Amino acid sequence: MRYTRVRLLIIAAAVAVIATAEAVAVFQLPAPPSVTEIHEPEEVAPEDEPTPPAPDVVVSPAKVPPDFEVAVTARCRGESAMAVSEMFQYSYSLSDVTSAGLATGTVYVGGNVPPGTYEVKVKCATGPLYGSAQLQVVPPPGGVTRGEGLTAMTRVTVTTAPRDEIEEALRPRFEEPADAIYVKIGVAHEWRLRADDPDLARLRSGAALTAPGFVEERLGEVAAFTEGADLSVQFGVPRLRIDPKSGQVVVTVTGAGYATCGQIGARSCRLSFWPPMPGEGITRPASHEIIVTAPGLMVMGVTGATPGAQEHDSIRFDGTRITRVVFGEDTPDSVAGVAAYLAGDSYGDVVLDPGETDMPPGEQMSWQFASALYAVVFLVIFAVMWTFVRSLGVVWWRRRDNWLLVLWVVIFYAAGAAAPDLTTGLTALIYGLLLGGLPVLVLVLAGRRMGPPPWPGSVLTLTSIAGALAGALLAGSGLAVLTETSWWLVILLPIAALLATTLRRTRRHAPMIAVLLLGTGVLVTVRIGQLGWAPGYATWSSLLALDVILLLGAGWAVAAGRWPARGFLWLGATLILAITVAMWQTQAESIPLIMSWDEFALLIPGVSVTAPLLLALLSVMLVVRLRRLGHSPAAVFAGEASSTMTLGLFLTQLVLALAYVSLTLAALVTIVIMWATVEWLLSGPAALRAKSGPDVTGEQHRALVRAMVGRRFARAALTDLLRQGRGRVAAGEMPVAVFEKQRRTLLRASDDATGPIDSDLALSTAAGRTPWQGAVAAFGVGLVLSIPFTTVRLIQTTSPDGWVPVLATASIAPLLCAIFGFFYPRVRGDQPLSKSLSLLLAAVVIALPSHVSSLVVTLTADPAAFVTPLPTPAEVLIGAVLAMGNLTVVCLGLGLFWEWRLLRLATEPWVRIRSLRSARAVAAPLTAVVIAAGTAVATALVNNAVAPLPTVSVTRPPAENP
């Protein structure tokens, strides 16, 4: 339908009027509170402003008895502050800000704080320094009640707890252990009472079990600072015995608790000891001595009581004072946070350690290791980029339209790298053009190459559908905030947009609908952006899924050489599933529909939600591309085909990264080795010979195989003639002329090399089959041969979370088999078994980094830091041998299968070259069978050696406390 100029002007005027009215309506909507109204404004000091001085701190009153509240005031220029002290069990926030800019708050001096002078440290929210004031705790009126008991001795032992013991202890609370090292805190109290002490009657009546805090009220509390799930010390039944010499009653009670203790190489066990609170009717000991021992650790520091004795891993002190003790490893990482904790600042909010760095504990590295790591990262980036660029093909790079795509990505990603130095609005504009314009550009280029898609009929309509959906998502998210509408509006608008743009009657108006919806979404987003808000997690993750799915759809079409109608159905279903998952997670985890512009970190979970779906689609796209390329025999020597196969290998390490939430050093090294190994496997004399030789058809393959069989028979007969002919000639059974005639005849037959190539190389060709057919056959064989070992690994995996790494690692062997089948003429070697041995060498080299990493971890790590029991070095070596045995079975089995396949394609029986009457001929099959049987038996006997391998997952460090 053609529009006249008048109609076009009328339509343009109508759109302008609608857009103006819409903008006025949107900006007249009531707004939620701005970010500045909810969050206190933060003053940003200019760069040339000098460092602010430490705040002046005033405590009032300056002298107080125990069990008293004290007002603390600090001059913080209108900011809040944080107060800590060694007599406080917790940090106190001074959140009340006066008109004079003073931060004030109330702190509590506990009733068990002994008299003395304590320092209260206060730090402002943005100040680098802290100020302090002295607070004197005086005895209460009437003085401190003297302990009526006799003496007490407490022994505390800190030991590393096994993981299964921690799980058993936390099971009644339905909690999972944190990803950190746990310690068991064993406490043994022993105190003496007079025979007429009232506590004896309480003990005999079971008061120690029924009265909460019975032991703590008399002997004090042993507490550990922890950052994960923990269990406080729980005491058992007290034991009573009478000392026959003094007549005193000795009470013994033991208990145990569990707490986290940092990470490997940075263990820091922080304990605090609080004396009992004076009270009437409670018998406290007159003297109390505490001995703390931590085998394998060293005393890093102590505050409060003066140690009576101190050794490398133990300390003795008076239990009537508030005391803090830190045990750690003899490493620089273990020192982090010690000074802050000893000063009463458990989370490091106020006190900073001397020489503290921005890098969290356990992550500092030497320059040698850092240099090696940077070199590996550079090689990984080079290998991935080179493989990706090469996989696109020379023809792709010769098209000038594709250079526009590359230029677009480079420019906007460079601008995105500078985004932290730009304003929020400009940053949002850059990311919007990058993420929104890139799919549009890709779809336009795909349409210019392959014509319009069969559905919806044009690239413009397809782009309009995507634009309308994006605009509806933005509009629904923003209007749900501005109008306080329920979350269902975020779902209703996208559904209406899809119906309005995909129905046959309204499809021709899709561009106009897309402009209106996208404009509405942008206006609403700008409106809430003026207030400091941004669309929430569900909207961003849905937009990201839409963006990537459009890119995959265009890539899929280019890879297949046509617009896939069914492929768009699968992509649409994936998009709907991704949006549904994002909305469900938003409601299930109570994630807000909006967030501030500074909270873009919430987008990371959105990537993790859609990553498995998008990874599956990317794998399908690679398979479709390989299928298209593999229909031509020339694909064996095409760089884009080998690079695409290598990208498939790289995906296995990406799956491991998603499983472990990070790329390990072993995975980085494996990527580099994969790239180098594939290049080595497909190079050499066989590749040069196959590239210079002609393509062998099926008929030629049959002729070559028959010639090869004839030559082998002639050589075997010639060998027998030379062995037996000399004796027969000497015995007169055969004339010399007959012997010479037979020798020359057999020699000519064994040297006959007629045909397109040497018949000795008949089993080194593709046999007239396409590379795709070879890849499918080889992948199927590798998959079947890998199933037994993989099944045993899955059964022995203790947690379902470990299935993904096991499957990702097990998929490497079938993928290598697919490379073997696709590029069989290029693989190093002249025969199927020699080529399979080259494949075995490549597979072993690729598997080595994970096994070496596992061995290093088992030799250097603490077993308590792992969810599953850590294997011993001997078990790691056994597991590596079993994995190598599995690779041997797969590769030798593939070589034997390929030999049988090539003979079957030539309509020749396999026994022509593998006769059971020849020991040499059955050596390879027997070797494969023996290795398979040995691997199966060893796997069944050493089940605990296989489960943690080939990768040992190191626990991740806990998140920082606010």
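From a predicted model like this one, the values you see are computed outputs, not experimental measurements.

Reading guide: rules and limits
Residues numbered from 1 in each chain as written. Predicted model: local features only at pLDDT ≥ 70, side-chain atom pairs only at ≥ 80, totals over all residues. Heavy atoms only, no water. Helix = DSSP H or I, 4+ residues; strand = E, 2+ residues; numbered from the N terminus. Buried < 20%, exposed > 50% of the residue type's maximum accessible area, 1.4 Å probe, protein only. Contact = heavy atoms within 4.5 Å. Core = buried A, V, L, I, M, F, W, Y, C linked by side-chain atoms within 4.5 Å. Expected span 1.5 Å × (residues − 1). pLDDT = per-residue confidence, 0-100.

Caption draft 1: Up close: the environment of Gly308. Within the secondary structure layout, Gly308 lies in the loop between strand S19 (298–303) and strand S20 (309–310). Exposure remark for Gly308: the relative accessible area of 64% places this residue in the exposed category. Spatially, the C-alpha atoms of Gly308 and Ile291 are 9.7 Å apart, while their sequence positions differ by 17 residues. When neighbours within four sequence positions are excluded, Gly308 is seen to be in contact with Arg316 and Phe317.

Caption draft 2: Structural view of the nonpolar core. Membership of the largest hydrophobic core comes to 62 residues, with the highest contact counts inside it found for Met645, Val705, Leu816, Ile819, Phe823 and Leu894. No other element matches the nine residues that helix H27 (residues 873–905) contributes to this core. Once you skip the residues sitting within four places of it in the chain, Leu894 turns out to touch Ala778, Val781, Leu785, Cys817, Phe820 and Leu839. Counting 26 residues, the second-largest nonpolar core is a separate cluster that includes Leu405, Val442, Ala470 and Ile549.

Caption draft 3: Expanded view of H27. Taking 1.5 Å as the rise per residue, H27 with 33 residues should run 48 Å; its terminal C-alpha atoms sit 48 Å apart, in good agreement. With 25 of 33 residues buried, H27 is to be regarded as a mostly interior element. Positive backbone phi, at 55°, marks Thr907, one or two positions downstream of H27.

Caption draft 4: Looking closely at the side chain of Glu908. Residue placement: Glu908 occurs in the loop between H27 and helix H28 (923–941). Each residue touching Glu908, except ones within four places of it in the same chain, is listed here: Val705, Arg706 and Leu903.

Caption draft 5: Here's a closer look at the confidence of the model for the protein chain. Here the protein chain averages 75 in pLDDT, while 71% of its residues score no lower than 70. Within the protein chain, the lowest mean pLDDT, 40, falls on helix H29 (residues 943–946), and the highest, 93, falls on helix H25 (residues 812–822). Across residues 34–49, where pLDDT falls below 50, the model places 10 contacts with residues more than four positions away in sequence or in other chains. Taken together, the stretch residues 353–365 has pLDDT below 50 and engages in 19 contacts with residues farther than four places along the chain or on a different chain.

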